[in-house]
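Overview (structure and organization)
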Amino acid sequence: MKIKKGDSVVIVTGDEKGPAVRKVVSVVDGGRKLVIEGVNRAFKHVRRGHPKSPQGGRLQVERPIDASNVKLHCGGCNSPVRVGYRFTDDGAKERFCKKCGAGAGVISPAKARYAKS
Ligand SMILES: [Zn+2]
């Protein structure tokens, strides 16, 4: 998937859909699922001795949602967009917004083989 940890996303379908821009806390299951801040919260029942709840009890945790339910939020368009990959002039791979064409961050370092000469 094209979504990474720390990205701003919008949930476009599913139980948690809404217009809010949210942050990806972590990517799980090889990119198929995402944990998103404040989304899909559930109670996890823990025994005594748990580091976050020494007495035991119920902890609120965020559960992963399917990555296909979210779209990257583009600051340029101020809307949820689809993401593509392209190479920059110096051969680095970057993601970009398919709507406005703005770059969305380099995801692998420059390689001469992909550089435009
Ligand atoms: Zn855009």
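Quick notes on the rules
- Residues numbered from 1 in each chain as written.
- Predicted model: local features only at pLDDT ≥ 70, side-chain atom pairs only at ≥ 80, totals over all residues.
- Heavy atoms only, no water.
- Patch = residues over 30% accessible without salt bridge, like charges linked within 9 Å, V, L, I, M, F, W, Y side chains within 5 Å.
- Areas by Shrake-Rupley, 256 points an atom, 1.4 Å probe, with all protein chains shown as cover.
- Salt bridge = Lys/Arg side-chain N within 4 Å of Asp/Glu carboxyl O.
- Lys, Arg positive; Asp, Glu negative; His and termini not counted.
- Charge placed at Lys NZ, Arg CZ, Asp CG, Glu CD.
- Helix = DSSP H or I, 4+ residues; strand = E, 2+ residues; numbered from the N terminus.
- Buried < 20%, exposed > 50% of the residue type's maximum accessible area, 1.4 Å probe, protein only.
- Donors = N, O, S within 2.8 Å, 3.2 Å for Na, K, Ca; no water.
- Tetrahedral: all angles 85-135°; square planar, octahedral: opposite > 155°, others 65-115°.
- Pairing = 2+ DSSP bridges.
- Axes fitted to C-alpha atoms, helices over the stretch in contact; angles between N-to-C directions.

A separate point is a positive patch on the surface. A cluster of like positive charges, contributed by Lys2, Lys71, Arg82, Lys98 and Lys99, occupies part of the molecular surface. Relative to the assigned elements, lysine 98 resides in the loop between β10 (93–97) and β11 (103–108). Classification of lysine 98 as exposed rests on a relative accessible area of 51%.

Moving on to the coordination of the zinc ion. Put simply, the ideal angle at a metal is 109.5 degrees for four donors in tetrahedral geometry and 90 or 180 degrees for six donors in octahedral geometry. Around the zinc ion, the donor atoms from the protein are Cys74 (SG), Cys77 (SG), Cys97 (SG) and Cys100 (SG), and they sit 2.1 to 2.3 Å away. What the four donor atoms of the zinc ion show is an angle range of 104 to 114 degrees at the metal, which sorts the shape as tetrahedral. Positions of the donor residues of the zinc ion along the chain correspond to the pattern C-x2-C-x19-C-x2-C. We classify cysteine 74 as buried; its relative accessible area is 8%.

This part covers the sheet that holds strand β9 (residues 83–87). Within the open sheet, the three strands sit side by side as β9-β10-β11. Their pairing is antiparallel. The sheet terminates laterally at β9 and β11, the two strands that pair on one side only. Along the sheet, successive strands turn relative to each other by an average axial angle of 30 degrees, direction set aside. Pairing geometry for β9 and β10, over five bridges, is antiparallel.

Let's shift gears to the pattern of salt bridges. Summed over all chains, the structure comprises five salt bridges. Where arginine 32 meets aspartate 29, a salt bridge forms, and the shortest distance between an N and an O atom there is 3.3 Å. By relative accessible area, arginine 32 is classed as exposed at 53%. Ionic pairing is found between arginine 41 and glutamate 62, a salt bridge with its closest N-O pair at 3.6 Å. Placement of the pair is arginine 41 in strand β4 (residues 41–46) and glutamate 62 in strand β5 (residues 57–62), with a sequence separation of 21 residues. Judged by relative accessible area, which is 44%, arginine 41 ranks as partly exposed. You can call glutamate 62 partly exposed: its relative accessible area is 26%.

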